[in-house]
Structures are given as structure tokens and as C-alpha cells.
Amino acid sequence: MVDTRAGFVALIGEPNAGKSTLLNRMVGAKVSIVTHKVQTTRARIRGIAMAGAAQIVFVDTPGIFRPRRRLDRSMVKAAWGGASDADVIVLLIEAHRGLTEGAQAIIDRLRDEMPKGKPVALAINKIDRVKAETLLALAEEANKAFPFAKTFMISAERGHGVEALRDWLAEVLPEGPWFYPEDQIADLPMRMIAAEMTREKLTLRLHEELPYQLTVETEKWEDKPDGTTRIDQVVYVARDGHKGIVLGNRGETIKAIGQAARAEIAEFLGRTVHLFLQVKVRPNWLEEAERYSEMGLDFKDGDA
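About the thresholds
Residues numbered from 1 in each chain as written. Predicted model: local features only at pLDDT ≥ 70, side-chain atom pairs only at ≥ 80, totals over all residues. Heavy atoms only, no water. Phe/Tyr/Trp six-rings, centres within 6.5 Å; stacked < 30°, edge-to-face > 60°. Helix = DSSP H or I, 4+ residues; strand = E, 2+ residues; numbered from the N terminus. Buried < 20%, exposed > 50% of the residue type's maximum accessible area, 1.4 Å probe, protein only. Salt bridge = Lys/Arg side-chain N within 4 Å of Asp/Glu carboxyl O. Pairing = 2+ DSSP bridges. Axes fitted to C-alpha atoms, helices over the stretch in contact; angles between N-to-C directions. Parallel < 35°, antiparallel > 145°, perpendicular 65-115°, else oblique. Left-handed = near helix turned anticlockwise from the far one by under 90°. Contact = heavy atoms within 4.5 Å. Nonpolar A, V, L, I, M, F, W, Y, C, P; charged D, E, K, R; others polar.

**Focus: the packing of aromatic side chains**
Piece 1. Summed over all chains, the structure comprises three aromatic pairs.
Piece 2. Taking the centre distance of 5.7 Å and the plane angle of 55° together, the rings of Phe-152 and Trp-168 count as tilted. Taken together, the positions of Phe-152 in strand β6 (residues 150-153) and Trp-168 in helix α5 (residues 162-172) put the pair 16 residues apart, joining distant regions of the chain. Each member of the pair Phe-152 and Trp-168 is classed as buried.

**A word on the pattern of salt bridges**
Oppositely charged side chains are able to pair whenever their charged atoms sit close together.
Piece 1. Throughout the structure, instances matching the rule amount to 14 salt bridges.
Piece 2. The partner of Glu-222 in a salt bridge is Lys-224, with the nearest N and O atoms 3.6 Å apart.
Piece 3. With a relative accessible area of 30%, Lys-224 lands in the partly exposed category.
Piece 4. Asp-232 is the partner of Arg-230 in a salt bridge, and the nearest nitrogen-oxygen pair spans 2.8 Å.
Piece 5. Arg-230 gets classed as partly exposed once you look at its relative accessible area, which sits at 26%.
Piece 6. You can call Asp-232 buried: its relative accessible area is 15%.
Piece 7. Salt bridges sharing partners connect three or more residues here, namely Glu-14, Glu-94, Arg-97 and Lys-126.

**With respect to the pairing of strand β8 (residues 229-237)**
Piece 1. Burial runs high along β8: eight of the nine residues are buried.
Piece 2. Two strands pair when backbone bridges link them, and strand β7 (residues 214-223) and β8 are joined in this way by nine bridges, in the antiparallel orientation. Residue pairing for β8: Glu-222 is matched across the bridge by Arg-230.
Piece 3. What sits between β7 and β8 in their antiparallel hairpin is a turn of five residues, with Gly-227 showing a positive phi close to 90°.
Piece 4. As defined by bridge partners, β8 adjoins strand β9 (residues 273-281) across nine bridges and the pair is classed as parallel. Considered in β9, the bridge of Arg-230 is made with His-274.

**Overview of the packing of helix α6 (residues 190-205) against helix α8 (residues 252-269)**
Piece 1. The N-to-C vectors of α6 and α8 enclose an angle of 140°; their axes lie 9 Å apart at closest approach. If you check the angle between α6 and α8, you find them oblique. Crossing angle aside, the handedness with which α6 passes α8 is right-handed. Between α6 and α8, the residues in contact are Met-190, Ile-193, Ala-194, Met-197, Thr-198, Glu-200, Lys-201, Leu-202 and Arg-205 and Thr-253, Ala-256, Ile-257, Ala-260, Ala-261, Glu-264, Ile-265, Phe-268 and Leu-269, respectively.
Piece 2. Taken together, the residues that form the contact of α6 with α8 break down as 12 nonpolar, two polar and four charged.

That is the geometry; function is a separate question.
Listed below in C-alpha cells is the structure:
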């Protein structure tokens, strides 16, 4: 009988480094929200990838940045919590941005706080944006700053180098039984994945600060006898003015968002979905412990 391996891998890095894209590429399905706006991953979404006899459970942590608000502080605390609990850490940095001040701060903290002997790999992402000599210089510079177990040159978006990273992870994970059934790809409830998909559409459609001042919750989920699913979701915004922005002229914005979200959820579930969205104003949702629990964050972590 083949010895099985299983373990947790934390993907860490600055916002927009490509962690969610890499997670989705590794898992082979869309389980984490991916947008071009920074700081969109809130809950510690786990994606599950199989590589031979190994089960790799990814902890997709929020991007690490300098926090200002309670929500920011909770997200950064969750990111470091995910890293310290994991069996292996993969630090993503963007090839074209290089070793930024933020990336250097993450490396310093890895060096000072992570247990010795925990494998930490470096994945230089978006390699198609720079020349080979720039990549080699960046890899050398980063490895001088921290003793990475292995360095990978990847393009999470295009899939280059991702298989080599996955194979290496499968080799270094601890021996042991799998945590999840072989066909499971995420340990989040479908209600939450569906809410994340809707939030992604809102984030892509709306601009500036608004996306970070809203959240989506799945209020009702009904699998009907005819094989279809009815999903009722609420978009919570912080101010009356935000409600108008989300609804749009004659409700056109929310209608377009609902159509896009419904199509994606239906594709993910493999069945017809009827999605109903409501927009409600909750002035203090950013200060409500219950909202943080919904996102898999600890409210207390946001205390200054």
C-alpha cells in the first residue's frame, strides 16, 4: 500500500501577489475570490489539491499589509495565524515589483517568528513580466535575506512552474492519512463560497473604497426537488449612499452583479441556480463580532 501524506500549506504575501490565483490553479477550481483590487481575501479559505498519494490543504491567507482598521487588523492576524499553524509556508512575491518594503517586512517576521525547521519556499510569481537576469538577481537577493528551502519561478495565471511547486509540496508534507475525501476541493460551506463569488462580482463592478465597506451573506439556501437551487443573499453596506451605488440606476448595477454571480455559482455547483439579492444598510457591520465570525475571522484580533 502507498504511504499517504497530508498537511497544511499557507500561501502568504503582500496583497495582490497572486495567492488566490495560485490556489485556484493548484486546486483546479475556483474556490478563492480573485480580483485586481488588493485585499479581497478575508476568510481563511482552504482549497484541497491531490498530488499522487499526497493531499495538500491550502490555507489562503489575507494579504499581509500595514493594518489601519479593525477589519484590517483581524485579517493580518489571521494571515500570520494561518502561517504559524501550517506545515509548510509558501511566500509569494511579484517578479516585477521585486523585494518591496512590504515583502522585506514579511521575510523579517518569518525569520524572527517562525519555528526553525518549518519548510518555507519562495515562489516568484508573474515571471512573464520580467527578463531572466532580473529573476535570477531577485532570487539571489531574497535567498540572502532568508534561507528558503526551495525557490520556484511561476506564473500562477498561466500555470508555468505550478506543477513543480505542487510536486515539491507533496514530497515535504508529513506522512499520514488524508484529512478530507478525495473528491472534496474546499472545506468552506457552500453558502460561504457562494457569498464570496457574489462579493467578487461586487468588487469588480464597484470602485474605490466601497468594496471594503460591504459584505455578502447567504441568508437562505434551498435545494429544490426539481434539481435547482434557490439562494437568497444580503449585501450589507455601511451607509445609505452606498446602497444607491450598489443598486445603480433603476437597479441595473445589482441586476448585472446578480446575473454574473448566478452564472458562476451555477457553473461551480453544476446545476441551475436562482439567485436573489437584497441590499441592506448596517451602519456598524465593521464593528459587529457576528460579521467577523461569518468571514472566519476573530473579532478580538482587531483590537488595537
